[in-house]
Amino acid sequence: MDDTRLPDPEALRPLLTDALSLPALKPHGPRLERLLEDYTRGVARKDAPLVVALVGATGAGKSTLLNALSGQNLSREGVDRPTSTVSTLFAPEGTPTDELARTGARVVRYTPGPQGLWSGQVFIDTPDLNSVATAHRDVARAALDKADVALVVMHRGSVAEATQVEFLAEFARRRALVFILNFADELSAESRDALKSQVRRVATQHYGLAAEDVPVFAISARAAKDGQDVSGEFGPLLFHLRGLATQAVAARVRHTNALGALEEFANTVQKALDDTDALLAKTRTALDAGLARAAESLQGDFDARLSLAHGHLASEVRRQAAGRFWGPAAWGLRLSLWGASGMGVGALVARRSLPAGLAVAAASTVVDAVRDRTRARAAEVAVVEPFEDDFLAESAARTALAEARSVARTQGLEAESLGVPDVEVMLAELRVARAGAWRYTASTAVAEAVARWWRTARWLVLPLINLPLLALLGHVGYRVVRGYVEGPLLPLEYFLNAGAFFGLLAGAGALLASASLVGAARHAGRAGRGRFVEALAALGRRLGEAVDDGLGTGRQAARRILERIRAVG
């Protein structure tokens, strides 16, 4: 694969910084930083000598093998040697070691000579992997992070040792591993084959490597120092190692290591992103369920509030219906039933005393106007403004959020980081939804209900009310003309009686129109309830979208990391 297609490590760093804001990724931060450094080295180091780390258990013969390969006594041998807590770096004279020395390794220079079987490489002798001190494995891990190849040196008892298996699993996909079964001179040919098969089986099961891709050599490092190959496999081992050290193969090894580090990096980010998406999906499901449970009580609360405002809705329906009517009944519709009755009483009183009748009618009109304004304000207070403690709405808000916030707490997160609001914000949203539904009910829903009523009333109710009034006006007009032409002129009492009768007919018409509008007020209430349900659904969608957008910066950065890495493939 062309190196130019590999993503720029420096372009990945700021994305990783942002992606580490994901709670699922944050614990992996140090490891991801190491992987990115590993990838950066694999891309940058092309012509440097191969860095070879020798790892293994106590007594596996790492130092003996190192001395055999270098042709020099570089490392002290023997199981009774002091246990080191640091790695030792053996580098040819003139080889830069600054970066490798940053791991805390002790640097020892050596001069490659013709006696070396595989000399000229940078060797790192690491502490024993099966030491009871976990710090030893940390030191070995830091060394292997800087290496290109790992020589895994084993004896018969350490082939499947748990600490070694666990340690190597971290590097299996991003390091060239060469497995060396030492002390072959103490094993029969059948035992060597059985142990080599076991090594391949462990590599397949625990490291995910194909058995045919696992290089395993059974040798005797002690015999190799004396120029002997007791198993016949030391020569193939040297051939394999020398092949790794050639410039082309070494570049390919580093390239493969870099891709392995990049793949592990991507897999870690992908898993954290999947876990985050699953957490957000679980949170949204919990939030949707909570809102569904709260919706029933909220709708009941809104119905109860609307019932308190029913009188105002009926009055508003009559007022808007009056705007469509023509004739005296329209004035009556603008009054409540109490005001219309006052007008009728005023008409009757006017038969005996016109000033008294007019006073009664005027007083009832003024009282009705004041009552209507008071009722409008009372209705808005009843529906929109909270009761003294608004306990039901607060309880519904807590119910809606409880499960979603519990999901966040279970993960040790603040609910707000997942887009879940607190109770106060939720309560404010519910009040806004309630106020919006009321405004719709008192305006649009009432207008639509009146328009629906008017489609029938204009052909039935309007003629039924106005035709008797027109007939009365026609009769009075006829009597006036006849009296003027034939005499005698009509007395004042006639006009008072006619006016009173006209007022009664107009009042009756207004009462009839009001009665026909009873269903319109109920229809407006139902429309208002429907709008409130829609407002709750819209609130649920907004809150769900906020959850979907939760941890947005980190998720976006993680996706961009994966996009850049997948472009390599």
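Shown above is the structure to which this text applies.
Residues numbered from 1 in each chain as written. Predicted model: local features only at pLDDT ≥ 70, side-chain atom pairs only at ≥ 80, totals over all residues. Heavy atoms only, no water.

### Focus on the sheet that holds strand 3 (residues 106-110)
One open sheet accounts for 7 strands, arranged 3-2-4-1-5-6-7; its pairing is mixed. Edge strands, defined here as strands with exactly one partner in the open sheet, are strand 3 and strand 7 (216-218). The mean angle between the axes of side-by-side strands here comes to 20°, regardless of whether they run parallel or antiparallel. (Pairing = 2+ DSSP bridges. Helix = DSSP H or I, 4+ residues; strand = E, 2+ residues; numbered from the N terminus. Axes fitted to C-alpha atoms, helices over the stretch in contact; angles between N-to-C directions.)

### Some remarks on the packing of helix 10 (residues 247-308) against helix 15 (residues 391-410)
Closest axis-to-axis distance for the helix 10/helix 15 pair is 7 Å, and the angle between their directions is 165°. As summarised for this structure, helix 10 and helix 15 are arranged roughly antiparallel, according to the angle between their axes. The way helix 10 lies across helix 15 gives a crossing that is right-handed. (Parallel < 35°, antiparallel > 145°, perpendicular 65-115°, else oblique. Left-handed = near helix turned anticlockwise from the far one by under 90°.)

### What to know about the packing of aromatic side chains
Applying the stated criterion across every chain, the model contains 6 aromatic pairs. Aromatic side chains Phe179 and Tyr207 sit 6.3 Å apart centroid to centroid with 5° between the ring planes, which places their arrangement in the stacked category. Of the two residues, Phe179 is situated in strand 6 (residues 176-181) and Tyr207 in helix 7 (residues 189-207); the sequence distance between them amounts to 28 residues. In this pair, the class of Phe179 matches that of Tyr207, namely buried. Above the ring of Tyr440, the side-chain terminus of Arg531 is found at 3.9 Å from the ring centroid. (Phe/Tyr/Trp six-rings, centres within 6.5 Å; stacked < 30°, edge-to-face > 60°. Buried < 20%, exposed > 50% of the residue type's maximum accessible area, 1.4 Å probe, protein only. Lys NZ or Arg CZ within 6 Å of the ring centre and 35° of its normal.)

### With respect to the pairing of strand 4 (residues 122-125)
Residues Val122 and Ile124 line one face of strand 4 and the alternating positions Phe123 and Asp125 line the opposite face, and both faces are buried. Here 4 bridges tie strand 1 (residues 51-56) to strand 4, and the two strands are oriented parallel to one another. Paired with Ala53 across the two strands is Ile124, which belongs to strand 4. As judged from the 3 bridges shared by strand 2 (residues 88-92) and strand 4, these two strands associate in the antiparallel manner. Residue pairing for strand 4: Thr88 is matched across the bridge by Asp125.

### A look at the pattern of salt bridges
In the structure shown here, the tally under the stated rule is 32 salt bridges. Residues Asp148 and Arg254 are paired through a salt bridge, measuring 3.2 Å at the closest nitrogen-oxygen approach. Residue Asp148 is found in the loop between helix 5 (134-146) and strand 5 (149-154), and its partner Arg254 is found in helix 10; the two are separated by 106 residues along the sequence. In this structure Asp148 comes out as buried when scored by relative accessible area, which is 4%. For Asp275, the salt bridge goes to Lys271, with nearest N and O atoms at 3.0 Å. Taken together, the residues span about one helical turn, with Asp275 and Lys271 both in helix 10 at a distance of 4 residues. Connected via shared salt-bridge partners are Arg31, Arg34, Asp38, Arg41, Asp138, Arg141, Asp145, Glu170, Arg174, Arg175 and Glu264. (Salt bridge = Lys/Arg side-chain N within 4 Å of Asp/Glu carboxyl O.)

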